[in-house]
Amino acid sequence: MSADNPFYFRQLLSGVDFARYDSSARSMANFIYLIGDAETRECVVVDPAWDIDTLLDIVAEDDMTLKGALITHYHPDHVGGHIFGMDILGLPELMERNPVPVYVNKHEADGVRQVTGISMSDIKQMDSEDTLKIGSIDISFLHTPGHTPGSQCFRVKDYLIAGDTLFLQGCGRVDLPGGDSEEMYRTLTQRLVKIQDGVVLYPGHNYGGKAAAPLGEVRETNTYLQLDSLAQWKMLMG
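Nothing here was measured: the structure is a model prediction, and the numbers come from that model.

### Re the overall build of the chain
Now for step 1: Within the chain one finds 8 helices and 14 strands.
Now for step 2: In summary, the chain has a C-alpha radius of gyration of 17 Å against a globular reference of 18 Å for 238 residues, a match within 12%.
Now for step 3: Dimensions of the chain, computed from the C-alpha atoms along their principal axes, are close to 50 × 45 × 35 Å.
Now for step 4: Burial analysis of the chain (238 residues in total) assigns 51% to the buried set.
Now for step 5: When contacts within the chain are restricted to residue pairs at least 6 apart in sequence, those whose partners lie at least 24 apart make up 59%.

This is the structure:
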C-alpha cells in the first residue's frame with residue numbers, strides 16, 4: 001500500500017484467522033473481508049459473523065476505523081443467527097460493540113432484520129449499481145439474486161466479493177428458503193457475464209482449497225458457468 005495505491009484489503013477465514021476454537025466456524029469455512037482506504041484508515045467489513053470480538057481486534061490492530069458492514073445475503077452464517085442447530089454471533093453483537101450502518105440489498109432488508117433482530121433504522125437499503133465511497137475507495141453493489149432474493153456482490157477495483165452467489169467451484173444453493181434456480185441461472189449467465197476475465201473472484205466460503213481466482217480461470221473450470229440452457233442447469237441442480 002502506498003500513496004498511489006491506498007487500497008486496504010484482508011480476506012479472513014473462519015476457524016483459522018478468527019473463531020479459531022469454534023469447530024462449526026472451521027467446518028463452515030466462511031470468508032469475511034475487510035475493505036478500505038489505508039490513508040484515511042477507514043474500512044468496512046463484509047459479512048461479519050462467528051467471532052465479532054476478534055474481527056474488531058483485527059481492525060484495531062491494523063489501525064483502521066470501521067465505518068460500515070456490507071452484507072451479501074441474510075443467511076445466519078453471514079450475519080449471525082440460528083441455522084443447522086448452530087447459534088452464530090453476528091450483526092447484533094457488532095451493533096452492540098461498534099454500531100455502524102449495515103448495507104443490504106433492498107430485497108434482503110427484511111430478511112436481515114428478521115434473522116438478526118437489528119433495527120431497520122440501522123439498515124441502508126441498496127440497489128444494483130449503487131456505490132459506496134470509503135475514503136478514496138469506491139465499492140460498487142451488484143444485485144445477484146438466486147441464492148436469496150437480495151443476494152449481492154461487491155466490486156472494488158479488480159476484486160469481486162461474491163458471497164454465496166459464485167464459488168470457485170459451484171455456486172450457492174437454491175433449495176433453501178428464498179432460493180430460485182431460474183434467477184440463479186440468469187445471474188450466472190447474464191448478470192456476471194459482463195465482468196472481465198481479469199477480475200479476481202473472492203467467494204463467501206473456502207470450498208475447494210483456493211482462496212481466490214481470476215474469473216477467466218473460474219469460467220474455464222466451474223461447471224455451473226459452462227451450461228448452454230436453463231434445462232441443463234435444472235438437471236445439474238437436481
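### Here's the deal with the pattern of salt bridges
Now for step 1: Scanning the entire structure with this criterion turns up 11 salt bridges.
Now for step 2: Ionic pairing is found between Glu183 and Arg191, a salt bridge with its closest N-O pair at 3.0 Å.
Now for step 3: Glu183 gets classed as partly exposed once you look at its relative accessible area, which sits at 21%.
Now for step 4: Assessed through its relative accessible area of 26%, Arg191 is described here as partly exposed.
Now for step 5: One continuous salt-bridge network, built from bridges that share partners, spans Glu183, Arg186 and Arg191.

### Examining the UniProt feature "domain: Metallo-beta-lactamase" (unreviewed entry) in the chain
Now for step 1: UniProt feature "domain: Metallo-beta-lactamase" (unreviewed entry): in the numbering of this structure it lies at residues 29–205.
Now for step 2: Structurally, residues 29–205 comprises 23% helix and 32% strand, and the distance from its first C-alpha atom to its last is 5 Å.

### Brief notes about the state of the cysteines
By definition, a disulfide links the sulfur atoms of two cysteines through a covalent bond.
Now for step 1: This structure, assessed with the given rule, holds 0 disulfides.
Now for step 2: For Cys171, which is in no disulfide, the shortest distance to another cysteine sulfur is to Cys153 and amounts to 12 Å.

### Considering the pairing of strand 1 (residues 7–13)
Now for step 1: With 5 of its 7 residues buried, strand 1 lies for the most part within the structure.
Now for step 2: As paired elements, strand 1 and strand 2 (residues 31–37) share 7 bridges and run antiparallel to each other. Looking at strand 2, one finds that Gln11 is bridged to Tyr33.

### Comments concerning the sheet that holds strand 1
Now for step 1: One open sheet holds the 6 strands; their spatial order is 1-2-3-4-7-8, and the pairing between them is mixed. A single partner strand is all that each edge strand has here, and the edge strands are strand 1 and strand 8 (123–126). Direction aside, neighbouring strands of the sheet carry axes that sit 25° apart on average.
Now for step 2: Note that strand 3 (residues 42–46) and strand 4 (residues 65–70) share 5 bridges and pair parallel. Its bridge partner lying in strand 4, Val44 is registered against Gly68.

### Regarding helix 6 (residues 181–191)
Now for step 1: Among the residues making up helix 6, those that are buried are Met184, Tyr185, Thr187 and Leu188. Angularly, the buried residues of helix 6 cover 160° about the axis, an arc narrow enough to put them on a single face.
Now for step 2: In this structure Asp180 caps helix 6, since a side-chain oxygen of it lies 3.0 Å from the backbone nitrogen of Glu182.

### Concerning the sheet that holds strand 11 (residues 152–156)
Pairing between the strands of a sheet is mediated by backbone hydrogen bonds and can be parallel or antiparallel.
Now for step 1: Spatially, the 6 strands line up as an open sheet ordered 9-10-11-12-13-14, and their pairing is mixed. Strands at the two margins of the open sheet, each flanked by one partner only, are strand 9 (131–134) and strand 14 (213–214).
Now for step 2: With 2 bridges connecting them, strand 13 (residues 200–203) and strand 14 associate as antiparallel partners. Each residue of the ladder has a partner; that of Val200, found in strand 14, is Pro214.

What counts, and at which threshold
- Residues numbered from 1 in each chain as written.
- Predicted model: local features only at pLDDT ≥ 70, side-chain atom pairs only at ≥ 80, totals over all residues.
- Heavy atoms only, no water.
- Helix = DSSP H or I, 4+ residues; strand = E, 2+ residues; numbered from the N terminus.
- Rg over C-alpha atoms; globule rule 2.2 N^0.38 Å.
- Buried < 20%, exposed > 50% of the residue type's maximum accessible area, 1.4 Å probe, protein only.
- Contact = heavy atoms within 4.5 Å.
- Salt bridge = Lys/Arg side-chain N within 4 Å of Asp/Glu carboxyl O.
- UniProt positions renumbered as here; feature names shortened; annotations may be inferred.
- Disulfide = S-S within 2.5 Å.
- Pairing = 2+ DSSP bridges.
- Axes fitted to C-alpha atoms, helices over the stretch in contact; angles between N-to-C directions.
- Arc of directions from axis to C-beta.
- Polar contact = N/O pair within 3.5 Å; in protein donor to acceptor, adjacent residues only side chain to side chain.

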